[in-house]
Amino acid sequence: AINIGGSSPLESYLVIDKVIEAANRMGCEMIHPVYGFLSESPNFAKRCNEEGMIFVGPSANAMAISGDKVKARDAASKVASVVEGGEVSSEEEALSLVDKIGFPVILKAVEGGGGRGLRILRSSEEVHDRFASAKSESMMSFGSGRVYIEQYLEKPKHIEVQIIAASSNIVQLGERECSIQRRHQKLIEETPSFALTKELRYDILCKAVSIMKEINYDNAGTVEFLLKGDKYFFMEINARVQVEHPITEVVTGVDIVEQQLRV
């Protein structure tokens with residue numbers, strides 16, 4: 001192990017230059033970014049390649065699309081259904097969009113995750129009270145104040161599809177259901193999902209592959225959907241291996257991290 005210094009993440013393992021320096025000192029040929037930290041940073045992936053090291057994950061181009069929820073929605077909408085919504089830059093724009101799609105809506109950070117910068121809004125008063133704080137939280141957590149609004153689905157099922165991609169060869173490893181959440185953070189995952197019929201499962205798995213083909217995705221990733229009744233909508237892409245990936249490994253017998261390395 002090498003101490004890369006700093007008393008906080010923002011001074012140590014979230015600093016690309018320090019991570020690259022440590023990897024060069026160790027003579028690393030590749031870097032696996034694990035679950036969080038720099039795992040979905042296009043700049044980190046690009047820098048690894050510039051330094052002659054393999055970034056074990058998707059390309060910088062794929063991450064630039066998947067990590068931007070608006071770009072990901074636009075790409076996915078070409079092959080799948082998405083919840084009605086769009087990016088807004090001001091409270092006035094937010095209210096104008098809500099007039100078109102109706103309450104309730106959900107306000108999200110464009111480059112966010114983990115429930116941060118997220119607000120459920122059920123009235124114009126709540127838009128007024130919470131819009132600025134959501135943008136501020138997004139800026140503090142993700143370094144970007146960009147937010148978007150979409151129609152809020154009450155009590156949907158949350159389905160995610162595990163993908164492994166190598167060039168144009170993209171395969172799915174089934175779905176995981178993570179509908180049991182607290183503060184929009186997952187508590188329990190299970191696979192397979194009992195919410196899916198055989199026909200719906202086949203449809204949603206094929207749609208996940210189509211979405212990843214649309215953005216030329218490579219390596220491991222997850223496509224997330226919201227399921228309401230027999231209709232489902234694209235939500236986002238996680239451009240990394242997820243913490244919950246072992247339950248898919250147990251069911252399929254596929255070592256996902258091994259496949260990342262092979263890709």
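Located above this text is the structure these notes cover.
The shown structure was predicted, so the numbers you read here are calculated from the model rather than taken from an experiment. (Residues numbered from 1 in each chain as written. Predicted model: local features only at pLDDT ≥ 70, side-chain atom pairs only at ≥ 80, totals over all residues. Heavy atoms only, no water.)

(A) Molecular detail of the side chain of T222. Within the secondary structure, T222 sits in strand 11 (residues 219–228). Classification of T222 as buried rests on a relative accessible area of 0%. Within polar-contact distance, the side chain of T222 engages the side chain of Q242 at 2.7 Å. With residues up to four places along the chain from it excluded, the contact list for T222 reads E160, V161, Q162, R176, M212, E236, I237, N238, R240 and Q242. (Helix = DSSP H or I, 4+ residues; strand = E, 2+ residues; numbered from the N terminus. Buried < 20%, exposed > 50% of the residue type's maximum accessible area, 1.4 Å probe, protein only. Polar contact = N/O pair within 3.5 Å; in protein donor to acceptor, adjacent residues only side chain to side chain. Contact = heavy atoms within 4.5 Å.)

(B) A look at the packing of helix 5 (residues 91–101) against helix 6 (residues 124–142). Viewed as axis vectors pointing N to C, helix 5 and helix 6 meet at an angle of 150 degrees, and their least axial separation amounts to 10 Å. Classified by the angle their axes make, helix 5 and helix 6 are roughly antiparallel. Of the two elements, helix 5 crosses helix 6, and the hand of that crossing is right-handed. In this structure, helix 5 uses E91, A94 and L95 to contact helix 6, whose residues at the interface are S124, V127, H128 and F131. Here the residues of the contact of helix 5 with helix 6 sort into four nonpolar, two polar and one charged. (Axes fitted to C-alpha atoms, helices over the stretch in contact; angles between N-to-C directions. Parallel < 35°, antiparallel > 145°, perpendicular 65-115°, else oblique. Left-handed = near helix turned anticlockwise from the far one by under 90°. Nonpolar A, V, L, I, M, F, W, Y, C, P; charged D, E, K, R; others polar.)

(C) The pattern of salt bridges, seen in detail. Taken as a whole, this structure holds 21 salt bridges when the rule is applied. Notably, a salt bridge pairs E214 with K78, separated by 4.0 Å at the nearest N-O pair. Linking E214 in helix 7 (residues 198–214) with K78 in the loop between helix 4 (69–76) and strand 3 (85–88), this pair joins segments that are 136 residues apart in sequence. Where E224 meets K186, a salt bridge forms, and the shortest distance between an N and an O atom there is 3.1 Å. Here the residue E224 occupies a position in strand 11, and K186 occupies one in strand 10 (residues 185–186), the gap between them amounting to 38 residues. Among the charged side chains, a network of salt bridges with common partners joins E160, R176, K186, E189, E224 and E244. (Salt bridge = Lys/Arg side-chain N within 4 Å of Asp/Glu carboxyl O.)

(D) Structural view of the sheet that holds strand 5 (residues 119–121). Read across the open sheet, the four strands follow the order 3-6-4-5; overall the sheet is antiparallel. Both edges of this open sheet fall to strand 3 and strand 5, since each of them pairs with a single strand only. Across this sheet, the average inter-strand angle for adjacent strands is 25 degrees, counted without regard to direction. In the sheet, strand 4 (residues 105–109) pairs with strand 6 (residues 147–151) via five bridges, with the strands oriented antiparallel. Its bridge partner being in strand 6, K108 is matched across the sheet by Y148. In the packing of helix 4 onto the sheet, contacts are made with strand 3, strand 4 and strand 6, and the angle to strand 6 comes to roughly 45 degrees. Against the sheet, helix 6 makes contact with strand 3, strand 4, strand 5 and strand 6, and its axis sits at roughly 165 degrees relative to strand 5, the strand it touches most. (Pairing = 2+ DSSP bridges.)

(E) Examining the nonpolar core more closely. Within the largest apolar cluster, 40 residues are counted, with the highest numbers of intra-cluster contacts made by F44, I163 and F225. Of all elements in the fold, only helix 1 (16–26), helix 2 (42–50), helix 3 (60–66), helix 4, strand 7 (157–166), helix 7, strand 11 and strand 12 (231–238) reach the threshold of two or more residues within this core. With seven residues, helix 7 is the largest single contributor of residues to this core. In this structure, F225 is in contact with K157, H158, I159, V161, I204, K207, A208, I211, Y232, F233, F234 and M235, ignoring residues within four places of it in sequence. (Core = buried A, V, L, I, M, F, W, Y, C linked by side-chain atoms within 4.5 Å.)

(F) View of helix 2. Within helix 2, the full set of buried residues consists of F44, A45 and C48. Buried positions in helix 2, seen along its axis, are confined to an arc of 100 degrees and lie on one side of it. Among the exposed residues of helix 2, those oriented more than 90 degrees off its buried face are N43 and E50. Once helix 2 finishes, G52 follows within two positions and takes phi at roughly 80 degrees, a positive value. (Arc of directions from axis to C-beta.)

None of the figures reported here should be taken as evidence of function without further support.
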